[in-house]
Amino acid sequence: MSQRKHVPYDIIIVSILPKLPIKSIVRFRCVSKLWDSTITSSDFISTHLSNNNNNNVSDHSYLIHMPSVITKEATHSSSSSSSLSNPVCMVACDPKFNKISEYKISSDFSIEFSNIVGSCNGVLCLADSSWNPTYLWNPSIRKFKSLPCLSKYQWVSAGFAYQSETNDYKVIKIYSTSEPYIKRHAELQAEVYTLSSDEWRRVGISLNLIRLKESHSSDTFVSGALHWVAWIKEDFGISRKKILSFDVNNEKFGEIAIPYGGKIHPEILVVIKGNLAFISSEFCYAPGIRYGVWVMGEYGVCESWNKLFTLRLGGFESIIGCTRHGEVIVKTAKTKYDAELQGGIHFVVVIIDPVTLNEKELIVPHFPTKATTFVESLVLLDENPDKKIS
Amino acid sequence: MALELKSSDNKIFEVEELVAVQSETIKSLVEDGCADNVIPLPNVDSKTLELVLDWCKNHVDMKLDEEKLKEYEDKFIEVDQAVLYDLLLAANYLNIKDLLNRACQKVADMLKGKTPEQIRETLNIVNDFSPEEEEEIRKENLWAFEE
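Predicted, not measured: the structure shown is a model, and the values here were computed from it. (Residues numbered from 1 in each chain as written. Chains lettered and ligands numbered in written order. Predicted model: local features only at pLDDT ≥ 70, side-chain atom pairs only at ≥ 80, totals over all residues. Heavy atoms only, no water.)

Asker: Explain the interface of chain A and chain B to me, please; I cannot follow it from the model alone.
Answerer: The interface is formed by 31 residues belonging to chain A together with 39 residues belonging to chain B. Where chain A abuts chain B, roughly 3,200 Å² becomes buried across the two surfaces, and 66% of that area is made up of carbon and sulfur atoms. Of all residues in chain A, the largest losses of buried area upon contact with chain B belong to K19, R27 and C30 of chain A, amounting jointly to 20% of the total for that side. Between R29 of chain A and E140 of chain B there is a salt bridge, with its nearest N and O atoms 3.7 Å apart. (Contact = heavy atoms within 4.5 Å. Buried area = accessible area lost by both parts, 1.4 Å probe. Salt bridge = Lys/Arg side-chain N within 4 Å of Asp/Glu carboxyl O.)

Asker: So what exactly am I meant to see when it comes to the sheet that holds strand β2 (residues 88-93) of chain A here?
Answerer: Strand pairing in a sheet relies on backbone hydrogen bonds, with the paired strands running either antiparallel or parallel. Residues and elements named next belong to chain A. Overall, antiparallel pairing links the four strands, which are arranged β3-β2-β1-β24 in an open sheet. Whereas interior strands pair on both sides, the edge strands pair on one side only; in this sheet they are β3 (99-104) and β24 (370-374). For this sheet, the mean inter-axis angle between neighbouring strands, taken without regard to orientation, is 25°. Across four bridges, strand β1 (residues 61-65) lies against β2 in antiparallel orientation. If you follow Y62 over to β2, its bridge partner there is C93. (Pairing = 2+ DSSP bridges. Helix = DSSP H or I, 4+ residues; strand = E, 2+ residues; numbered from the N terminus. Axes fitted to C-alpha atoms, helices over the stretch in contact; angles between N-to-C directions.)

Asker: Whenever I open this one, the pairing of strand β7 (residues 143-146) of chain A confuses me. Can you help?
Answerer: Here is the key point about a regular strand: its side chains alternate between the two faces of the sheet. Residue and element names in this part refer to chain A. Neither face of β7 is exposed, since K143 and K145 on one face and F144 and S146 on the opposite face are all buried. Pairing analysis gives four bridges linking strand β6 (residues 133-138) to β7, with the strands arranged antiparallel. Bridge assignment links Y135 to a residue of β7, and that residue is S146. Following β6, the chain reverses through four residues before pairing antiparallel with β7; R142 in that reversal takes a positive phi of roughly 55°. (Buried < 20%, exposed > 50% of the residue type's maximum accessible area, 1.4 Å probe, protein only.)

Here's what the structure looks like:
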């Protein structure tokens, strides 16, 4: 008896489909109604994500952002409706920084110079030139969602996180309602957007927050919170530089002291081997800039700050990120001209292992500003057709 | 300690306990004290059981040699579709995680470049979409249908 054996449907859904490349999975929505509803279900999206999203430190993939090409001109310049001629705005790499894919900007984006607020589970939060969070975008499935925006503020600081307790995504923005922002007692306010409610709402800031240093909090999610460098007023009118934390679960702000009473200048906050870390610039007599990398061994405990290493970079070199291992990702001053490629000048990114001083080079087509962790996922596939692009 | 397993076509296999308990299903039986007699496996034929037991034995033997094990696994899974399905179903029934994973990965590799029509054929699925409905999904996701 040779009966044709069939693979049970539950094995297909749980063990086979999640192993397919995203392009195939989305294509197979057409197989049948059952397949379509399963693939677009939030359960399947979560299964696929946990299949691919190894929390192992050595397994992270990374995304290099080149947002300068995301301008109104670029998005509307191509007369054809195909986005094939749009410039590449992101390069995805495997944990060893070999290029695995390139993502082009969407023809539907309507913002000027874009900034990346954060990257969670394959979804990016994009902001306009004033850092107002505007879109959630999953480049792997070419799908995005516009965030409601009632008023645009200047000098917004923002963060983007995934809340595992509720399987929800949150965007936080901290802004000043008074102009100019740098006024001594500018009042800072905060709003949180959740994907499930599709709404912004005010959250209170219990600290005496004077101002924030920079506007990005893109790879600073650790111990359930997002982090920024900020000036916080203490008793007796002194304001100190500290790290501001926002607990994504209970939506409360907190503060973490930095070593040497804030005399250090943290430039970038990162996460190294699961711990909060910062990269600070240090004065040095020799030309170039010296950076120190500090890691907080125990979250919230100021005494556990420990300087891991220093790194000296030349002029026109900048640190655009850090891997979870502690390798530093640097945009170098080097460019490479490739006559075969359109607009031949390419930029060189170098990944430096501070312990071995081994370097790995990666060439990207446009000016890179940031590197974040990344994973290919189906998140947002179940969102209602907002605007979709091919 | 040896166990006796009986396939669906009544063939008896004598196997060391260490090898057999790679199957979570058999492991539970042993732990519950139900493995003293012959263990019947009505869902697995002798041809498949022989292959499965070979997998299990090699996983015990080569446990420390990752490279050698990988070489074995790659060769092992190069079988035709009918045998692959049998292995997959047996691994599922016997709850042997790494074999199930590997067999599923192989099936995934087989399916990955296919069109929806080819999937329906391979897995014997009926298309219950109307042409308009199917076209709508295609239009929404043109990029997935491009090469």
